Amino acid sequence: MSRKLPTVGILGGGQLARMLTLAAAPLGIRTLVVDGTSDACAGQVAELIVADWSDDAALADFARRVDVVTFDFENVPAAAAERLAGLVDVFPNPRALAVAQDRLSEKTLFRETGLDTPEFETVDTREDLVRAVARIGAPAILKTRRLGYDGKGQFRLKTADDIDAAWAALGEAAGKHGLILEAFVPFDRELSVVAVRGRDGSFRAWPLTRNWHVDGVLSLSLAPAPGTSDELEQAATAHARAIAEKLDYVGVFALELFVRGGDLLGNEMAPRVHNSGHWTIEGAHTSQFENHIRAVLGLPLGDTGVRGASAMLNWIGDMPDPAPVLSVADGHWHDYGKEARPGRKVGHATLCAADAGSLRAKLAEVGVGLGRESQVAPAVELLG
Ligand code: AMP
C-alpha cells in the first residue's frame, strides 16, 4: 500500500523555497513550487510548476496537488493568494500577507499594537512630498509602499534640496504603488525577531539577531545578538507576538527593528522565513525553515533554543571561494545554485561556535581567507 506524503505548495521558487524544501524532506514532507521562471533555484531540489500568478487554471491545478500553500515571496498578488485560499488552506492568511505588503498598513499595525515606528507620511503627489519633508525634515527616506525590498524602491533625501531628485526617481511609482516618506533614524543598531506561530496559536521566537545592511541589503547577522538586555529581548518578542496574534498569523515571520537609545522602532515585517534567520539552520535546535513547515501543517513547533553563537555572511552578486569556510570547524556553506548577477543574493555561509570568543576567532580567520575583512569587521569588533 502506498502512503501519501503531505505536500506543501510554495508560491515563489527562490532560495527560501529551496531551503524550505531541504528542511521538509527529513520529515517525509514534499514541496511543490510555482514560479514564473523555469530556472527558479528551488527547481533544483523540488518539483517546479512554471506558471504566472494570474494563470487561474495553473493555480487550481497546483491547489489540487497540495495539502497547504505558503509563500517564499511576499509580493505575491493578494488576488492570487485569495483565489488559492478559496481552494486550499493558505498560511500565512491572505490578510496578513496584504498588511505586510504595504508599508503604510504595516506601520499602522505596529502602532496599534504599541510598537513605535519612525515618523512617516504617505505621499501620492509631489505636493504631498513637499509637505511631508516640511513636517518630517531631512534626512529622510522615500519608499514605495508596495513591492520594495532589499533597499529597492527607495530614495534617500539628505536635504530638502533632494525633493526634485527623489520625485524624479520615484514619482512614477507613486501612482502605481503609493509612496511613504520616513524620517531617517540614526539608529544604534538593527535587530530582528524571527518568530513562528502555529495553527493552534502556539508561539516561539528565536533569540534576537543583530543585523548589518550594506546599501539596504543584509550583509551580516550575529545571533544571539550580543549585549542585548533581557528587557529588550522580552519587549521585542512581545511586540512580535502581539502582531502575530492580531493578524492570526501562522508560520515564520521576521520583525525588523531599529534600536535607538533604549527604544525599539518597528521598520518592517517580512511575512515569511527571513534572511536574518538563516543562521538557525545550523545554530538553533530547530531551524526557521523546519518550524515554518511544521507550523503550516499544524505539527508541534520545535525548540528555538541556540546551540551556541552564530554568524551569517551573505554572498551578494557572486559566490566566493568556499574553501576558507569549509576549512573551519562548524563552518557551513550554502550555494543557492543561482547565476551570478550584481546585487543578487546567491548564497550565504554560517559559522557556529560554542561561545562569542571562538566565533570571533573563526570570523576573523574566514574574513582574511576570503579577503572580506570589511564584511566581517562589525561582528569581529563587537565580539572582541
Ligand atoms: P527596508 O527595505 O525598509 O528594510 O530598508 C533596508 C535597510 O535600509 C534597513 O535595514 C536599514 O538599514 C535602512 N533603512 C530603512 N529605513 C530606514 C530609516 N527610516 N532610517 C534609517 N535607516 C533605514
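Reference entry: report on the structure contained in this document.

Cut-off values and rules
- Residues numbered from 1 in each chain as written.
- Predicted model: local features only at pLDDT ≥ 70, side-chain atom pairs only at ≥ 80, totals over all residues.
- Heavy atoms only, no water.
- Pairing = 2+ DSSP bridges.
- Helix = DSSP H or I, 4+ residues; strand = E, 2+ residues; numbered from the N terminus.
- Contact = heavy atoms within 4.5 Å.
- Axes fitted to C-alpha atoms, helices over the stretch in contact; angles between N-to-C directions.
- Buried < 20%, exposed > 50% of the residue type's maximum accessible area, 1.4 Å probe, protein only.
- 1 Å grid on protein atoms, 1.4 Å probe; cavity = no way out; pocket = protein on both sides within 12 Å on 5 of 7 lines; lining within 4 Å.
- Points joined across faces, edges and corners; volume = space filled by probe spheres on them.
- Nonpolar A, V, L, I, M, F, W, Y, C, P; charged D, E, K, R; others polar.
- Near = heavy atom within 4 Å.
- Polar contact = N/O pair within 3.5 Å; in protein donor to acceptor, adjacent residues only side chain to side chain.
- Areas by Shrake-Rupley, 256 points an atom, 1.4 Å probe, with all protein chains shown as cover.
- Parallel < 35°, antiparallel > 145°, perpendicular 65-115°, else oblique.

**Section: the sheet that holds strand β2 (residues 30-35)**
Pairing between sheet strands relies on hydrogen bonds along the backbone, with the strands arranged either parallel or antiparallel. Spatially, β3-β2-β1-β4-β5 is the arrangement adopted by the five strands of the open sheet, whose pairing is parallel. Each end of this open sheet is capped by a strand with a single partner; those strands are β3 (47-50) and β5 (89-90). Packing against the sheet, helix α2 (residues 56-65) makes contact with β1 (7-11), β2, β3 and β4 (68-71), and its axis sits at approximately 150° to β1.

**A closer look at the pairing of strand β7 (residues 140-144)**
Of all the five residues making up β7, five are buried; the element is thus mostly covered by neighbouring parts of the structure. Every second residue of β7 is oriented toward a common face, with Ala140, Leu142 and Thr144 on one face and Ile141 and Lys143 on the other, all of them buried. Here four bridges tie β7 to strand β8 (residues 154-157), and the two strands are oriented antiparallel to one another. Counterpart to Leu142 in the pairing with β8 is Phe155.

**Considerations on the layout of surface pockets**
One number sums up the size of the second largest pocket: a volume of about 220 Å³. Listing elements by their share of the lining of the second largest pocket, those giving two or more residues are β12 (209-214), β13 (217-223), β16 (309-316) and α13 (373-383). Residues belonging to the lining of the second largest pocket are distributed by class as follows: seven nonpolar, five polar and two charged.

**Overview of the sheet that holds β7**
Strand order in the open sheet made by the four strands is β6-β9-β7-β8, with antiparallel pairing throughout. In this open sheet, the two edge strands, each paired with only one partner strand, are β6 (120-123) and β8. Averaged over all adjacent pairs, the angle separating strand axes in this sheet is 20°, with direction ignored. Helix α5 (residues 103-112) contacts β6, β7, β8 and β9 (179-183) of the sheet and is inclined by roughly 45° relative to β9.

**With respect to the site of the ligand**
Neighbouring residues of the ligand: 18 residues in total, closest Lys143, Ala183, Val185, Glu190 and Glu268. Contacts to the ligand include Arg103, whose side-chain N or O atom sits 2.9 Å from an oxygen atom. Between the ligand and Ala183, the relevant distance is 2.9 Å, taken from a nitrogen atom to a main-chain nitrogen or oxygen of the residue. Protein contacts shield 97% of the accessible area of the ligand, which totals 470 Å² for the unbound molecule.

**Regarding the packing of helix α3 (residues 78-85) against helix α4 (residues 94-101)**
Contact geometry for α3 and α4: axes closest at 9 Å, N-to-C directions at 170°. Classed by the angle they form, the pair α3 and α4 counts as roughly antiparallel. When α3 is examined against α4, the residues Ala78, Ala81, Glu82 and Ala85 are found in contact with a partner set consisting of Pro94, Leu97 and Gln101. Residues of the contact of α3 with α4, tallied by class, amount to five nonpolar, one polar and one charged.

**Quick notes on the environment of Pro226**
Here Pro226 shows up in the loop between β13 and α8 (230-246). Distance in space between the C-alpha atoms of Pro226 and Thr209 is 8.6 Å, their sequence separation being 17 residues.

The values are spatial; any link to function lies outside them.
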